[in-house]
Amino acid sequence: MKDVVSKTARDIKSMKVRGALDIAVAAAEALRNSVALGKTPKDLAKDGAKLKYARPTAVSLPNAVNYVLEVVEENKNLAKSDFKKKNLEQIDSFISEQKNSIARIAEIGSRLIEKNDTILTHCQSDTVEGIFIKAWKDGVKFDVVCTETRPRHQGYLTAKILKKNKVPVTLIIDSAVNHMLKKLEVDKVFVGADAVLANGDVINKIGTSQVAVCANSMEIELIVATQSIKFSPESVYGKVIEIEDRGSKEITSELKGVRILNPAFDVTPAHHISKIITEHGIIPPAAAYQMLRHFKYKIENE
Ligand code: RUB
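Everything numeric here is computed off the predicted structure, so don't read it as measured data. (Residues numbered from 1 in each chain as written. Predicted model: local features only at pLDDT ≥ 70, side-chain atom pairs only at ≥ 80, totals over all residues. Heavy atoms only, no water.)

### Thoughts on empty space enclosed by the protein
Consideration 1: In the structure shown here, the tally under the stated rule is two cavities of 30 Å³ or more.
Consideration 2: Taken together, 26 residues form the lining of the largest cavity, with Arg18, Gly19, Ala20, Gln124 and Asp194 sitting closest to its centre.
Consideration 3: Within the residue set of the lining of the largest cavity, elements represented by two or more residues are helix H2 (20-36), helix H6 (126-137) and strand S6 (202-205).
Consideration 4: Ranked by residues supplied to the lining of the largest cavity, first place goes to H2 with four residues.
Consideration 5: Its residues placed into classes, the lining of the largest cavity shows nine nonpolar, nine polar and eight charged.
Consideration 6: Each of two domains, domain 1 (4-101) and domain 2 (105-301), supplies a minimum of three residues to the lining of the largest cavity.
Consideration 7: Its volume calculated, the second largest cavity comes out at about 50 Å³.
Consideration 8: In terms of lining residues, the second largest cavity is bounded by Arg150, Pro151, Arg152, Gln154, Lys205, Ile206, Arg246, Glu250, Asn262, Pro263 and Ala264.
Consideration 9: Looking at the lining of the second largest cavity residue by residue, the classes come out as four nonpolar, two polar and five charged. (1 Å grid on protein atoms, 1.4 Å probe; cavity = no way out; pocket = protein on both sides within 12 Å on 5 of 7 lines; lining within 4 Å. Points joined across faces, edges and corners; volume = space filled by probe spheres on them. Helix = DSSP H or I, 4+ residues; strand = E, 2+ residues; numbered from the N terminus. Nonpolar A, V, L, I, M, F, W, Y, C, P; charged D, E, K, R; others polar. Domains from an automatic or database assignment.)

What follows is the structure, encoded as structure tokens:
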């Protein structure tokens, strides 16, 4: 029998499945499959552990796994058939909530895009793209500038998806950001998130914090679009989120004997962020703690 959980964990690790929301949904779907197979709470916990830290930075992944395991824990005293039925219902509704969040954030975020805006984005975020595509379909005319996003060039994906949806898009290299913000008279920067901390700091693709410094120096607002599943409950208790290092090969195999570091994410401080758009509405970064207090995601070390 195909081991869906191990395959999903491998796909997340290798970045065949990537982007913070997609990896959370993939993990929940893998656990749903385990529930459908009739696994016991003990085996489901083992499956959850395999998935949880497949990528260390995006907290949406442990948040999604913990959510499903909590559902299982809640239902564990039910009769076998009810246990499966109830778990599947709750997991399905969680998965649809996560998928629907893109449209909800797009609805809210698209209202922030004005006629003739030039907007810069970094990396590839389904959530940010959702906003752009919605605004364009609503008839707002604007331009997007996207960075290549070295070393894996996720910006190419952004460019392709926007082009397919007829949103005008210009690709630039990462090191052109400071120059181009000014030259192209960029009005706003939109980025996604892999984690939002209790103090409002945001972790996203490496380079986001540099874009933020440049944008701030020109008083261009930086807006983050993120589902609440990416808020880190553990950050309330001081847990430091590990920044994934993806090794040297993604950068080059040519420079033998040279130390190469390849951090995949960085931290943009709250004071460089003007707004955070979530499926529950727009909040200032300072309200991240209150958002966390409304969470149903389990706080591990409370
Ligand atoms: C992707 C990345 C995205 C966030 C948000 O990094 O940093 O901006 O995950 O994406 P990687 P989304 O390519 O390393 O996974 O809005 O789709 O969840």
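### Side note on the layout of surface pockets
Consideration 1: The space that makes up the largest pocket amounts to roughly 250 Å³.
Consideration 2: Those elements that place two or more of their residues in the lining of the largest pocket are helix H8 (177-183) and helix H9 (208-217).
Consideration 3: In terms of residue class, the lining of the largest pocket is built from four nonpolar, eight polar and three charged.

### Here's the deal with the site of the ligand
Consideration 1: Among the 18 residues in the neighbourhood of the ligand, the closest are listed as Arg18, Arg55, Ser125, Thr127 and Lys205.
Consideration 2: Between Ala20 and the ligand, the recorded distance is 2.9 Å, taken from a backbone N or O atom to an oxygen atom.
Consideration 3: In the environment of the ligand, an oxygen atom lies 2.7 Å from a nitrogen or oxygen atom belonging to the side chain of Lys205.
Consideration 4: Across the complex, the protein chains shield 100% of the 460 Å² of accessible surface that the ligand would expose by itself.
Consideration 5: Elements with a contribution of two residues or more to the shell around the ligand: H2, H6 and S6.
Consideration 6: Tallied by class, the residues present in the shell around the ligand amount to six nonpolar, six polar and six charged.
Consideration 7: Here the shell around the ligand spans two domains, and each of domain 1 (4-101) and domain 2 (105-301) adds at least three residues to it. (Near = heavy atom within 4 Å. Polar contact = N/O pair within 3.5 Å; in protein donor to acceptor, adjacent residues only side chain to side chain. Areas by Shrake-Rupley, 256 points an atom, 1.4 Å probe, with all protein chains shown as cover.)

Limitation: the analysis is restricted to geometry and does not speak to function.
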